[in-house]
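Residue strings, one per chain:
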Amino acid sequence: MKKAILFGLLLAAFGAFGQEPEKVIDKINAKLATVKDYTVNAHIDADIPMIKIMPSKAKIYFKQKDKVKIESKGITILPKQGFTELNTFLSDKSKYTAIFGDSLKIRDVDTRLINIIPNSSSGEIVLAKIWVDQKNAVIMRSQVTTQTNGTVKTDFKYGSQLSYGLPSELKFEIDVKKFKMPKSVAADINKTSTDKKKTKSKPRTKGNITITLSDYDVNSGLSDSIFKEKKKNQQ
Amino acid sequence: MLFKNTYNEFIKIVSKPRSYLGLGALTLLIGIIIFAMKADGESMVSFVTASFEQTLSFNGKLVNGNLIAFIILQMLVVHIPLLIALVTGDLISGEAAMGTIRMLASKPISRTQIVLSKFIAGAIYTLVITLWLGILSLLVSHVVFGTGDLMVLNSDGLVILPEADILWRFGLAFCVAFLSLLTVATLSICLSAFAENSIGPIVATMAIIIIFTIIGSLDVSVFDSIKPYLFTTHMASWRSFFENPVPFGEIMNSIVILLTHIVLLVGITLFKFNRKDITS
């Protein structure tokens, strides 16, 4: 009888422990769900090997569930993934299994790692790790590995919009080892073979893009038509 | 007297139909490039950004007037030397072939001044061609495509320059491009002093440019010691104005080498022409 009670308690404890990461994710999703739409000014600072670009400004429009529009006067470079993909993926619990990992202190905030393992092997996301501030129900760091884009690590900082779970700064660390210059268009006849050998040494494989977000306008009721113009504006 | 003779030399250039061939060809080529870029510019740019776009997304107007002007400049600076040599290669040898050089030498003007006036007239023609290239490529492409940040591809990667930081680069790039073309003009005038017909100096100029360019582009260390002294190596130094930061030291080095070529070639021409037998 005692053994049966002990076994029952252990089973209940493991069962509760197994559901806990999903509850944490539920809280994050619930917080983000309060944001129907927003616009925000972005200051983008990219430090990527093989790309030299000055800091630029853009305006980002977002509307649930995954409509995003980036408006900029000049050319801006952003990570291909990182704005909505993870949240969209997390919002559908049937697509993944969440498992708690280690605890970690990120910028003096206690976080807990949750490993997100997709249930299907055919999806874009191969593995995701999120470090969650359970107290505020926000993601402090994420590391998403996809089939086509490699691994993207993102650090989140929060400010005035913490109550909505919207960050004030995003720092992306992207994998750049796949970049290859098309030699036919990049021919540089000024460079001698010695110069070329010098430039080939120690290539960096990681790039950083820091996006500072300010002047949020949350739930102002953005029209869908703004997002329909996306393709025209991005050309 | 030098001014008057330069004016006369320029009138001679203007009166030759071949002088308009360069301007006409430039206009046609720029028109074709702008039409092609308007029709399919996006796919050309995506070919360049393809390897980055797996991980990154480029937002904003990538195909704009600044990019088109840069592409035009890059495509045509390679071919314009032929158009320049077509006119300047004829300046002395053409007179020798027609026999007018004797009449010219009988005027109360020194042979040195005759040569210098031909060089100045050739330089003015080169300047006209460069300005025409600049006006057409910058103005027309800005009218057709609008303005925007400039994305430049070189062997080190992509450089994206803000719109407000571009015009001065184009201005200085055209100045260095003019200097490069002036070196070609000087070379063809110099070769012209050695020839008795027009075709020889024109073909010889292009042959020298082709040979030097091939030596410069061969990726073998045996040529590394001579590459820095070939004028063709420095003909593309206008591109350096579109790097960030601008390598002013390298550009100054290129300018010095191009100017040295010009001075040397003018010197050789003066030496040859002052001793040229024009009686036979």
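Definitions and cut-offs
Residues numbered from 1 in each chain as written. Chains lettered and ligands numbered in written order. Predicted model: local features only at pLDDT ≥ 70, side-chain atom pairs only at ≥ 80, totals over all residues. Heavy atoms only, no water. Core = buried A, V, L, I, M, F, W, Y, C linked by side-chain atoms within 4.5 Å. Buried < 20%, exposed > 50% of the residue type's maximum accessible area, 1.4 Å probe, protein only. Helix = DSSP H or I, 4+ residues; strand = E, 2+ residues; numbered from the N terminus. Contact = heavy atoms within 4.5 Å. Pairing = 2+ DSSP bridges. Phe/Tyr/Trp six-rings, centres within 6.5 Å; stacked < 30°, edge-to-face > 60°. Lys NZ or Arg CZ within 6 Å of the ring centre and 35° of its normal. Expected span 1.5 Å × (residues − 1). Arc of directions from axis to C-beta. Axes fitted to C-alpha atoms, helices over the stretch in contact; angles between N-to-C directions.

### Overview of the nonpolar core
Then, number 1: Core analysis: the largest hydrophobic core is formed by 136 residues, its most contacted members being A:Ile51, A:Ile116, A:Ile209, B:Phe58, B:Leu133 and B:Phe242.
Then, number 2: Top contributing element to this core by residue count: helix H8 (residues 167-194) of chain B, with 15 residues.
Then, number 3: Not counting chain neighbours up to four residues away, the residues in contact with B:Phe58 comprise A:Ile51, A:Ile75, A:Thr76, A:Ile77, B:Thr49, B:Phe52, B:Glu53, B:Met151, B:Leu158 and B:Ile160.

### Considerations on the pairing of strand E1 (residues 37-47) of chain A
All names here are of chain A.
Then, number 1: Pairing geometry for E1 and strand E3 (residues 56-63), over 8 bridges, is antiparallel. In the sheet register, Thr 39 faces E3, and the bridge partner there is Tyr 61.
Then, number 2: Two strands pair when backbone bridges link them, and E1 and strand E12 (residues 206-218) are joined in this way by 9 bridges, in the antiparallel orientation. Counted as the bridge partner of His 43 is Thr 212 from E12.

### Here's the deal with the packing of aromatic side chains
Then, number 1: Scanning the model with the defined rule gives 12 aromatic pairs over all chains in all.
Then, number 2: Ring geometry for B:Phe52 against B:Phe58: centres 6.3 Å apart, planes inclined by 75 degrees, an arrangement best described as edge-to-face.
Then, number 3: Among the aromatic residues, those joined into a cluster by ring pairs are B:Phe70, B:Phe170, B:Phe174, B:Trp238 and B:Phe242.
Then, number 4: Taking NZ or CZ as reference, A:Arg112 lies 4.2 Å from the ring centre of A:Phe100, over its face.

### With respect to helix H9 (residues 199-217) of chain B
Residues and elements named next belong to chain B.
Then, number 1: Across its 19 residues, H9 extends 27 Å between first and last C-alpha, which sits within 8% of the 27 Å expected from 1.5 Å per residue.
Then, number 2: Buried residues of H9: Pro 201, Ile 202, Thr 205, Met 206, Ile 209, Ile 215 and Gly 216, and no others.
Then, number 3: On its buried face, H9 is in contact with helix H2 (18-49), helix H4 (80-88), helix H5 (93-98), H8 and helix H10 (231-234).

### Some words on helix H1 (residues 2-15) of chain B
An α-helical turn contains 3.6 residues, so a residue and the one three or four places further along point in the same direction.
Residues and elements named next belong to chain B.
Then, number 1: When the terminal C-alpha atoms of H1 are compared, their 20 Å separation across 14 residues agrees well with the 20 Å that a helix rising 1.5 Å per residue should span.
Then, number 2: For H1, the complete set of buried residues consists of Asn 5, Thr 6, Glu 9 and Ile 13. Buried residues along H1 cover an arc of 105 degrees about the axis, so they all sit on one side. Within H1, the exposed residues directed more than 90 degrees away from the buried face are Phe 3, Lys 4, Tyr 7 and Ser 15.
Then, number 3: Taken together, the buried residues of H1 touch H2, H4, H5, helix H6 (100-105) and helix H7 (111-145).

### Overview of the sheet that holds strand E2 (residues 51-53) of chain A
Then, number 1: Taken in spatial order, the 3 strands make up an open sheet running E2(A)-E3(B)-E2(B), and their pairing is mixed. Edge positions in the open sheet fall to E2 of chain A together with strand E2 (150-154) of chain B, since each of these has one partner strand only. Taken pair by pair, the neighbouring strands of this sheet meet at an average axis angle of 15 degrees, ignoring direction.
Then, number 2: Sheet topology note: the E2(B)/strand E3 (residues 157-161) of chain B ladder contains 5 bridges and is antiparallel. Directly across from B:Leu150, in E3(B), lies its bridge partner B:Leu161.

### A closer look at the pairing of strand E8 (residues 125-133) of chain A
All names here are of chain A.
Then, number 1: Bridge count between strand E7 (residues 109-118) and E8: 5 bridges; the pairing is antiparallel. Paired with Leu 113 across the bridge in E8 is Trp 131.
Then, number 2: From the end of E7 to the start of E8, which pair antiparallel, there are 6 residues.
Then, number 3: Summarising the sheet, E8 and strand E9 (residues 138-146) pair through 8 bridges and their orientation is antiparallel. Counterpart to Asp 133 in the pairing with E9 is Val 138.
Then, number 4: The hairpin turn running from E8 into E9, its antiparallel successor, is 4 residues long, and Ala 137 in that turn takes a positive phi close to 55 degrees.

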